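Fold and contact review
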Amino acid sequence: MSTPTIEQVTAALAGVQDPEIKRPITELGMVERVDVGADGAVSVTVLLTVAGCPLKDTINRDVTAAVTAVPGVTGVDLTLGVMSPEQRGELGETLRGGQAQREIPFAQPGSLTKVYAIASGKGGVGKSSVTVNLALSLAKQGLKVGVVDADIYGHSVPAMLGVADSRPTQVDDLIMPVPTASGVSVISIGMLKPRRDQVVAWRGPMLDRALVQMLSDVYWGDLDVLLLDLPPGTGDVAISLGQHLPNAEVVVVTTPQEAAAEVAERAGTMASMMHQRVIGVVENMSYLPCPHCTEEGKDHRLEVFGTGGGERVARTLSERFGYDVPVLGSIPLDLSLREGGDVGKPIVESDPAAPAARVLAQVAEKLSGRGRGLAGMQLGLTPTSKF
Ligand code: ADP
């Protein structure tokens, strides 16, 4: 077999993506040197963005596999180096597209990324569980999905996605979102804290800065969908989001309970006051399928939290806003949903046939069915007769 050429090896390396940046390593200045010996032995030097890069094993594996697959290669000697501050600076510039000024890419007029904020009136209704499962379902459909965990009280999203202890890598002054096994990238307000156990006691301006940082200082690349897990209620983060991303569309999560529905209506109204469109309601913990009856093939539902909350919120918001706010789905209580969240494997991945997973996948389909692009985008104008 003939000796492989440097071009062949470089072409193979172009098929290797940096796991965080999700672009070919050859485009990022990460391939420093390629040598091909007469005997077909290849030595490659790849520069990591930072020393101790958490994903160096992945890069090692992918580069070795890609080069080994080139016909005529008899061995691969991979050296992993680290970029100099200058090289990181150049990479940062490449990623920013030559723009010095940082801005929120999703707020630009030409942005094709659909932004969905997942809101609730109070905590514990399953807002984060809905967020991560929607993210995974959308990613399973082949979409590029990012998640911003802006829930200052909970920030449970990283744990639910199996990256509780991960810290984002910084390249120049850009932060790389943390990749997860499911292909979804995530950044959490919890990752901006120096320590995991630290309490976030931030007020308005700090929270605003944190939100802007997660949107503009993070290299999100070209996303199809960005999901934001908001803190419960109608607080500072919801106001900041409305100011910075008025084109975000809002999904309200509630339980069937009267008290939960009432506060959920308020969260929805708040979004509308910030000129965001509320596109639907997800009712969670709608019922518990009676385990004994299910075994016998009977459909007996225990309405643990009462009934009608989702419908009530949808009706009230539709009347209030003058457009249709549908119930997008009613998710039953399911042990495996809770367990999946606890072990970092959301139910749509760990038990996709479960009724709760199927409803979540259907909600995701309704969202992706709305397409990517500018159609239906809010203009950020206030109709004077709205309230
Ligand atoms: P929130 O983000 O609204 O505070 P979480 O998504 O963190 O709520 O959910 C609170 C707890 O309830 C979590 O332990 C989660 O696993 C559990 N949970 C949420 N929805 C369900 C459900 N449909 N069935 C079983 N457990 C659920």
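Cut-offs used in this document
Residues numbered from 1 in each chain as written. Predicted model: local features only at pLDDT ≥ 70, side-chain atom pairs only at ≥ 80, totals over all residues. Heavy atoms only, no water. Helix = DSSP H or I, 4+ residues; strand = E, 2+ residues; numbered from the N terminus. Buried < 20%, exposed > 50% of the residue type's maximum accessible area, 1.4 Å probe, protein only. Near = heavy atom within 4 Å. Polar contact = N/O pair within 3.5 Å; in protein donor to acceptor, adjacent residues only side chain to side chain. Areas by Shrake-Rupley, 256 points an atom, 1.4 Å probe, with all protein chains shown as cover. Nonpolar A, V, L, I, M, F, W, Y, C, P; charged D, E, K, R; others polar. Domains from an automatic or database assignment. Contact = heavy atoms within 4.5 Å. Buried area = accessible area lost by both parts, 1.4 Å probe. Salt bridge = Lys/Arg side-chain N within 4 Å of Asp/Glu carboxyl O.

**Regarding the environment of Ala 361**
Along the polypeptide, Ala 361 turns up in helix H13 (residues 355-368). By relative accessible area, which is 27% here, Ala 361 ends up partly exposed. Expressed as a C-alpha distance, the spacing of Ala 361 and Leu 138, which sit 223 residues apart in the sequence, is 8.1 Å.

**Quick look at the site of the ligand**
Near the ligand, the surroundings consist of 15 residues, among which Gly 124, Lys 127, Ser 128, Ser 129 and Asn 284 are the closest. One nitrogen or oxygen atom from the main chain of Gly 124 is found 2.8 Å from an oxygen atom belonging to the ligand. A distance of 2.9 Å separates a nitrogen atom of the ligand from a polar backbone atom of Asp 334. Against a free-state accessible area of 560 Å², the protein chains account for coverage of 81% of the ligand. Looking at the shell around the ligand, the elements with two or more residues in it are helix H4 (127-140) and helix H11 (335-342). Counting residues per element, the shell around the ligand draws most heavily on H4, at three residues. In the shell around the ligand, the residues fall into six nonpolar, six polar and three charged.

**Quick word on the domain arrangement of the protein**
Domain assignment breaks the protein into domain 1 (6-83) and domain 2 (105-368). Across the boundary between the two partners, domain 1 contributes nine residues, which contact nine residues of domain 2. Both sides of the domain 1 and domain 2 interface together cover about 730 Å² of buried area, and 59% of this is carbon and sulfur. The largest share of the area that domain 1 buries against domain 2 comes from Glu 20, Ile 21 and Lys 22, three residues that together contribute 60% of it. Inspection of the domain 1/domain 2 interface yields zero salt bridges. Our count for the domain 1 to domain 2 interface comes out at four residue pairs in polar contact (both at pLDDT 80 or more).

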